[in-house]
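This is what each chain is made of:
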Amino acid sequence: MSAIDQAHYRQVLGHFPTGVTVVAGVADGTPVGLAVGSFFSLSIEPPLVGFCVGKSSNSWKAMEPSGSFCVNILGSDQEDVCRVFATSGDDKFATIGWTKTESGSPLINDVLAWIDCDLETVHDGGDHHIVVGRVRGMDVGHEGDPLVFFRGGYAQLD
Ligand SMILES: Cc1cc2nc3c(=O)[nH]c(=O)nc-3n(C[C@H](O)[C@H](O)[C@H](O)COP(=O)(O)O)c2cc1C
């Protein structure tokens, strides 16, 4: 039995603010994705990034076989987009505007920035996978404030 209470873990870790991304890929030609706050930059040479994904994630299970994904960094005006991708369900892209990156992964309209990746490695991380991607393309969409998640809610930078 763990000595750390789950609710306490969430409450304490909620004091670490994160940006919000949508990690998106394709499954049999269909776009899939989930909201991810655990995104991190990892290595410049070679260019690697990563994120942690729950082992129960339906979207990750669906996109992993394609071997590529795009990390979409959300702006402060994209809280509604985050809510769509933070809820498990079919066809999250029904109300979302998007185009394809070179890898074929979904690039969501109006994101602050995007990082198109080929899947490099997947490591074990308890009840999560630690996913590492090799960057194959990236760019800034537009300048603006990021969407920030802090203490269980959305927050502004200032
Ligand atoms: C701000 C925010 C950040 C999140 N970060 C992560 C994360 O880093 N990893 C993860 O697995 N789930 C994260 N989630 C939860 C998933 O987005 C959520 O469980 C989603 O329903 C998974 O969808 P799926 O079952 O289609 O994969 C986050 C949710 C929110 C609102």
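Our subject is the structure that appears above.
Sequence positions are assigned chain by chain, starting from 1 and proceeding in written order. Local features in a predicted model are, by the rule used here, given only for residues with pLDDT of at least 70; side-chain atom pairs are given and counted only at 80 or more, and totals for whole chains, interfaces and linings are based on all residues. Only hydrogens and water are set aside when side-chain values are computed; all heavy atoms of the structure are taken into account.

The next thing to look at is helix 1 (residues 6-13). Within an α-helix, residues lying three or four positions from one another point in the same direction, as the helix has 3.6 residues per turn. Buried, partly exposed and exposed residues are distinguished by accessible area as a fraction of the type maximum, computed with a 1.4 Å probe on protein chains only: under 20%, between the cut-offs, and over 50%, respectively. Under the scheme used here, helices are H or I runs from DSSP no shorter than 4 residues and strands are E runs no shorter than 2 residues, and both carry numbers assigned from the N terminus. Where burial is concerned, little of helix 1 is hidden: zero out of the eight residues are buried. Among the residues of helix 1, the N-terminal cap falls to Asp5, whose side-chain oxygen and the backbone nitrogen of Ala7 are separated by 3.2 Å. For this analysis, a polar contact is any N or O atom pair within 3.5 Å, provided that within protein one partner can donate a hydrogen and the other can accept it, and provided that sequence-adjacent residues contribute only side-chain to side-chain pairs.

For the rest of this paragraph, the subject is a nonpolar patch on the surface. Patches draw on residues past 30% relative accessible area with no salt bridge. Two like charges within 9 Å are joined, as are two nonpolar side chains (Val, Leu, Ile, Met, Phe, Trp, Tyr) within 5 Å. Using the Shrake-Rupley algorithm and a 1.4 Å probe, accessible areas are obtained, with residue cover drawn only from the displayed protein chains. Think of a salt bridge as a Lys or Arg side-chain nitrogen and an Asp or Glu carboxyl oxygen that are within 4 Å of each other. Residues Ile4, Tyr9, Val12 and Leu13 make up a contiguous nonpolar surface patch of about 400 Å² in total accessible area. Relative to the helices and strands, Leu13 resides in helix 1. Assessed through its relative accessible area of 45%, Leu13 is described here as partly exposed.

Right, let's get into the site of the ligand. To be near a molecule or strand, a residue needs just one of its heavy atoms within 4 Å of it. The full set close to the ligand counts 18 residues, and Ser38, Gly54, Ser57, Ser59 and Ser88 are the nearest of them. Contact between the ligand and Asn58: an oxygen atom at 3.2 Å from a main-chain N or O atom of the residue. Expressed as a share of its isolated accessible area of 640 Å², the protein-covered part of the ligand is 80%. The rule is simple: put a 1 Å grid over the protein atoms alone, call a set of points where a 1.4 Å probe fits but cannot get out a cavity, call an open set with protein on both sides within 12 Å along at least five of seven lines a pocket, and count a residue as lining if it has an atom within 4 Å of a point. For this analysis, a molecule is said to be in a pocket or cavity if more than half of its atoms are within 2 Å of the grid points defining it. With respect to the detected pockets, the ligand is housed in the largest pocket. When residues of the shell around the ligand are traced back to their parent elements, those giving at least two are strand 3 (30-36), strand 5 (48-54) and helix 2 (58-63). Charged means Asp, Glu, Lys or Arg here, nonpolar means Ala, Val, Leu, Ile, Met, Phe, Trp, Tyr, Cys or Pro, and polar covers whatever is left, Gly included. Taken together, the residues of the shell around the ligand break down into eight nonpolar, nine polar and one charged.

Before going further, it helps to spend a moment on the packing of aromatic side chains. The description of an aromatic ring pair rests on the distance of the ring centres and on the angle between the ring planes. Ring geometry is summarised as follows: Phe, Tyr and Trp rings, the Trp one being its six-membered ring, pair when their centres sit within 6.5 Å, and such pairs are stacked at plane angles under 30 degrees, edge-to-face over 60 and tilted between the two. All chains considered together, the criterion is met by six aromatic pairs. Note on Phe51 and Trp60: the rings are 5.6 Å apart at their centroids and 85 degrees apart in plane angle, and the pair reads as edge-to-face. For the ring pair Trp60 and Phe69, a centre distance of 6.1 Å and an interplane angle of 75 degrees mean the geometry is edge-to-face. There is no split in this pair, since Trp60 and Phe69 are both buried. Each residue in the set Phe51, Trp60 and Phe69 is aromatic and connected to the rest through ring pairs, giving one cluster.

Attention now moves to the nonpolar core. Buried residues of nine kinds, namely Ala, Val, Leu, Ile, Met, Phe, Trp, Tyr and Cys, make up a nonpolar core once their side-chain atoms join them within 4.5 Å. Counting residues in hydrophobic clusters, the biggest one holds 16 residues, and the most contacted among them are Val23, Phe51, Trp60, Met63 and Phe69. For this core, the secondary structure elements donating two or more residues are strand 2 (21-27), strand 3, strand 5, helix 2, strand 6 (68-73), strand 9 (113-125) and strand 10 (128-140). Beyond its immediate sequence surroundings of up to four residues, Phe69 is in contact with Val23, Ala24, Phe51, Trp60, Met63, Ser105, Ile115, Asp116, Cys117, Leu119, Val131 and Gly133. Grouped together as the second largest cluster of nonpolar side chains are 15 residues, Val20, Val81, Cys82 and Phe85 included. Any two residues whose heavy atoms approach within 4.5 Å are treated as being in contact.

Looking at the secondary structure, you find Gly141 in the loop between strand 10 and strand 11 (148-150). Among the residues examined, Gly141 registers a relative accessible area of 48% and is labelled partly exposed. Ignoring any residue separated from it by four or fewer positions in sequence, one finds Gly141 in contact with Val111, Leu112 and Ala113.

As a further point, take the pattern of salt bridges. What the rule picks out here adds up to five salt bridges. A salt bridge links Asp124 to Lys55; the shortest N-O distance between them is 2.4 Å. Taken together, the residues span a long stretch of sequence, with Asp124 in strand 9 and Lys55 in the loop between strand 5 and helix 2 at a distance of 69 residues. Note on Asp124: relative accessible area 60%, which makes it exposed. Here Lys55 falls in the partly exposed class, since its relative accessible area comes to 33%. For the salt bridge of Glu79 with Arg83, the shortest nitrogen-to-oxygen distance reads 2.6 Å. Here the residue Glu79 and the residue Arg83 both occupy positions in helix 3 (residues 79-85), the gap between them amounting to four residues, near one helical turn. The exposure class of Glu79 is partly exposed, given its relative accessible area of 29%.

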